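Below are the chains, spelled out letter by letter.
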Amino acid sequence: MSVAENLNAISSKLDRATLIAVSKKQPIERVQEALDAGHRVFGENIVQDAQKTWAYSGLKETYPDLELHLIGSLQTNKVKDAVALFDVFHCVDRPKLVDVLVKEMKTQDKKVGCFIQINTGEEDQKSGVLPCDLGALLTHCHEEGLDILGLMCIPPVDEPSALHFAFLKKLAFRYDLPCLSMGMSSDFEKAFALGATHIRVGSEIFGARP
Ligand SMILES: *Cc1c(COP(=O)(O)O)cnc(C)c1O
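Residues numbered from 1 in each chain as written. Predicted model: local features only at pLDDT ≥ 70, side-chain atom pairs only at ≥ 80, totals over all residues. Heavy atoms only, no water.

**A word on the site of the ligand**
In the region of the ligand, the neighbouring residues are V22, K24, I71, M152, I154, M184, S185, R200, V201, G202, S203 and R209. Between the ligand and the protein, one listed contact pairs a nitrogen atom with a side-chain N or O atom of R200 at 2.9 Å. Protein contact buries 89% of the 390 Å² of open area that the ligand shows by itself. Across the shell around the ligand, the residue classes tally to six nonpolar, three polar and three charged. (Near = heavy atom within 4 Å. Polar contact = N/O pair within 3.5 Å; in protein donor to acceptor, adjacent residues only side chain to side chain. Areas by Shrake-Rupley, 256 points an atom, 1.4 Å probe, with all protein chains shown as cover. Nonpolar A, V, L, I, M, F, W, Y, C, P; charged D, E, K, R; others polar.)

**Thoughts on the packing of helix α6 (residues 95-108) against helix α7 (residues 134-144)**
A pair of packed helices is characterised by two quantities: the angle between their axes and the separation of those axes. The geometry of α6 relative to α7 is characterised by a closest axis approach of 10 Å and an angle of 20 degrees between their N-to-C directions. Taken together, the axes of α6 and α7 are roughly parallel relative to one another. For the pair α6 and α7, the sense of crossing is right-handed. Here P95, V98, D99 and V102 of α6 lie close against α7, whose contacting residues are L137, H140, C141 and E144. (Axes fitted to C-alpha atoms, helices over the stretch in contact; angles between N-to-C directions. Helix = DSSP H or I, 4+ residues; strand = E, 2+ residues; numbered from the N terminus. Parallel < 35°, antiparallel > 145°, perpendicular 65-115°, else oblique. Left-handed = near helix turned anticlockwise from the far one by under 90°. Contact = heavy atoms within 4.5 Å.)

**Side note on the nonpolar core**
Counting residues in hydrophobic clusters, the biggest one holds 60 residues, and the most contacted among them are F42, W54, L74, F89, L101 and I116. Per element, the largest residue contribution to this core is five residues, and it comes from α6. Discounting chain neighbours no more than four positions away, the residues touching L74 are V47, V79, A82, F89, C91, R94, L97 and L101. (Core = buried A, V, L, I, M, F, W, Y, C linked by side-chain atoms within 4.5 Å. Buried < 20%, exposed > 50% of the residue type's maximum accessible area, 1.4 Å probe, protein only.)

**Description of helix α3 (residues 47-56)**
Residues three or four positions apart in an α-helix share a direction because the helix packs 3.6 residues into each turn. Residues of α3 that are buried: V47, A50, Q51, T53 and W54. Contacts from the buried residues of α3 go to α2 (28-36), β2 (41-44), α4 (59-62), β3 (67-70) and α5 (79-85).

**Remarks on the side chain of K24**
By secondary structure assignment, the location of K24 is in the loop between β1 (18-22) and α2. In contact with K24, other than residues within four places in its own chain, are G43, E44, N45 and R209.

**A few points about the pairing of β2**
Where burial is concerned, the two faces of β2 agree: the one with V41 and G43 and the one with F42 and E44 are both buried. As paired elements, β1 and β2 share two bridges and run parallel to each other. In the sheet register, V22 faces β2, and the bridge partner there is G43. The parallel pair β1 and β2, bridged by α2, forms a crossover whose chirality is right-handed. Where β2 lies against β3, four bridges are found, and the strand directions are parallel. By the bridge assignment for β3, G43 is matched with H69. (Pairing = 2+ DSSP bridges. Right-handed = clockwise from strand over helix to strand, strands pointing away.)

**Structural notes on the pairing of β1**
A large share of β1 lies buried, amounting to four of its five residues. The pairing of β1 with strand β8 (residues 198-201) spans four bridges and is parallel. The partner of A21 across the bridge, within β8, is V201.

Here is the structure:
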């Protein structure tokens, strides 16, 4: 199947959910195939890699209707570059990052959509706020004037992802947040069935990352 066929096949199962084509580490020719097929929403997990693929290549200028999502964790020293390049962050997870983001968005006079990442599996190595700290973080966002679209999670590899998707949905409902970023190549249909509004799919569209 071609990249265009994969995009079609997946989109047809997602109704109105946003399909984020995760282009990280993919050869530029495959990314171009998706662009040629009319796809404009892409996800990257590392700021510097995204700059290479989208900014320095000229693609961002060529396609002004691009929508770039940062789905990997964000260090405060990368916030300036990230705000300049991306349209949506899926990785807000601590008060300090909120403060730096708010300041940088003001400086650049640019609004970036924000999801809070939840460490639903409470894994040490994973970024994301612990579920028990979400309320305090949302209060902080509110005080600083940072609008939050919704919640994002990456379930532990060794647990049924549906449990984490259902939990994320429950948290979003509790705090009245409209969007849910969940589901990858292996489980996007489950995520959609459980209410995902933003689905992040890489290898199922572009093939295995080299
Ligand atoms: C890489 C990545 C994806 C896409 O993974 P696939 O298995 O290739 O679909 C989705 N979300 C995040 C946060 C990622 O880092």
